[in-house]
Amino acid sequence: MESVSAVFAGAAFALFGAALLVWTGARAIHRAPVAHGVSPVASTTLATLFGVVFLALGVWCFTLV
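Described below are features of the structure shown in this document. (Residues numbered from 1 in each chain as written. Predicted model: local features only at pLDDT ≥ 70, side-chain atom pairs only at ≥ 80, totals over all residues. Heavy atoms only, no water.)

### Side note on helix H1 (residues 2-29)
- When the terminal C-alpha atoms of H1 are compared, their 40 Å separation across 28 residues agrees well with the 40 Å that a helix rising 1.5 Å per residue should span.
- Restricting attention to buried positions, one finds in H1 the residues Ala6, Gly10, Ala14, Gly17, Leu20 and Thr24.
- Immediately downstream of H1, the backbone of Arg31 shows phi near 55°, a positive value. (Helix = DSSP H or I, 4+ residues; strand = E, 2+ residues; numbered from the N terminus. Expected span 1.5 Å × (residues − 1). Buried < 20%, exposed > 50% of the residue type's maximum accessible area, 1.4 Å probe, protein only.)

### Quick word on helix H2 (residues 40-63)
- Across its 24 residues, H2 extends 35 Å between first and last C-alpha, which sits within 8% of the 34 Å expected from 1.5 Å per residue.
- If you check which residues of H2 are buried, you get Ser43, Ala47, Gly51, Gly58 and Cys61.
- Those residues of H2 hidden inside the fold are in contact with H1. (Contact = heavy atoms within 4.5 Å.)

### Structural notes on the environment of Ala47
- One can find Ala47 in helix H2.
- Distance from Ala47 to Gly25, taken between C-alpha atoms, is 9.6 Å for residues 22 residues apart in sequence.
- Those residues in contact with Ala47 that sit more than four places away from it in its chain are Leu20, Thr24 and Val34.

### Some words on the environment of Val34
- Inspection of the secondary structure assignment puts Val34 in the loop between H1 and H2.
- The sequence separation of Val34 and Thr45 amounts to eleven residues, and the corresponding C-alpha distance is 9.7 Å.
- Among all residues touching Val34, those that are not within four sequence positions of it are Trp23, Thr24, Arg27, Ser43, Thr44 and Ala47.

The following block contains the structure:
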């Protein structure tokens with residue numbers, strides 16, 4: 001039963017990380033702000049960093065299966 005939890009958590013983390021990276025990339029290509037009221041460089045950098053972290057966390061959860 002623990003593998004089911006690892007698959008669910010891995011899927012959730014991987015989907016969120018991938019979606020965050022795609023969304024950030026689309027905003028950066030259109031030169032639209034990633035977050036309002038924040039430096040564009042800082043918000044793009046942090047969103048990309050967190051997207052990669054969540055994607056890596058999802059892959060790590062899949063290795064526990």
